[in-house]
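Report on the structure
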Amino acid sequence: MSDSKVELGVDGKVVVPDHVADAVRTLIEWAGDDPEREGLLDTPKRVARAWKEYCSGYADDPAIHLARTFEEVGGYDELVLLKDIPFQSHCEHHMAPITGKASIAYMPRDRVVGISKLARVLNGYARRLQVQERLTAEVARCIWDNLHPHGVAVVIDAQHGCMTGRGVRTPGVGMVTSRLLGCFLDDQRSRKEVLSLMGY
Ligand SMILES: Nc1nc2c(ncn2[C@@H]2O[C@H](COP(=O)(O)OP(=O)(O)OP(=O)(O)O)[C@@H](O)[C@H]2O)c(=O)[nH]1
Ligand SMILES: [Zn+2]
């Protein structure tokens, strides 16, 4: 992943290299507007900084969020579910927004993780250029590899800006993807339980 580090200026804002601002200026012109008009003068730098923020996941190693675990959970060994986590990503085909919600569950083996960390893992992968299938699989794999639970289930329901604001223009259409691992894949009862708790 190149260029994921950022340099801060004296104003505390991300420094935007000239060639990056120039690229945005070219895009504005290509879109049909005048990048030299007053309202657009600062836009190239703003857009560049916004993209650094949308793509902040490239500077994040999501596995790190799962490094701190707790073993004292009073013998709790049933599933843990974080439901309907809102997120935003961008599709790698059009760089258009993907907005939706994710439900993430796991069946702990001997330790649990702070619940906010599941949302941090999601954001670490979502804040990159993505396809929804890969995002779903990456979140599930990260939890599986780092917590070694009995099972992991990730379901994502999202709308794609490239389908709502352009192209086929079908607002309101949701894409649903799922990745089930371990007991949620192998055991019918666990699978039914997790999907029903998620609302599917
Ligand atoms: N499977 C999948 N497809 C996606 C995702 N995000 C965007 N797409 C699709 O990627 C495809 C890219 O198709 P292309 O034919 O190369 O691009 P296009 O000419 O802009 O296609 P249209 O969107 O149909 O106008 C489109 O069908 C998009 O709907 C995603 O997360 N997963
Ligand atoms: Zn797209």
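Residues numbered from 1 in each chain as written. Chains lettered and ligands numbered in written order. Predicted model: local features only at pLDDT ≥ 70, side-chain atom pairs only at ≥ 80, totals over all residues.

Rules: UniProt positions are given in the numbering used here, feature names are shortened, and annotations may be inferred rather than shown by experiment.
Going by an unreviewed UniProt entry, the chain carries the name GTP cyclohydrolase 1 and comes from Sphingopyxis bauzanensis. Per its UniProt entry, the chain bears the Catalytic activity (unreviewed entry) comment "GTP + H2O = 7,8-dihydroneopterin 3'-triphosphate + formate + H(+)". Quoted straight from UniProt, the Sequence similarities (unreviewed entry) entry for the chain says "Belongs to the GTP cyclohydrolase I family."

**Considering the sheet that holds strand β2 (residues 80–91)**
Inclusion rule: Pairing between two strands is assigned when DSSP locates at least 2 bridges connecting them. Helix and strand assignments follow DSSP, with helices taken as H or I runs no shorter than four residues and strands as E runs no shorter than two, numbered in order from the N terminus.
One open sheet accounts for 5 strands, arranged β5-β2-β3-β6-β7; its pairing is mixed. Where the open sheet ends on each side, the last strands, each with one partner, are β5 (129–130) and β7 (175–182). Note: β2 against strand β3 (residues 97–107), 9 bridges, orientation antiparallel. Of the residues in β3, the one forming a bridge with Phe87 is Gly100.

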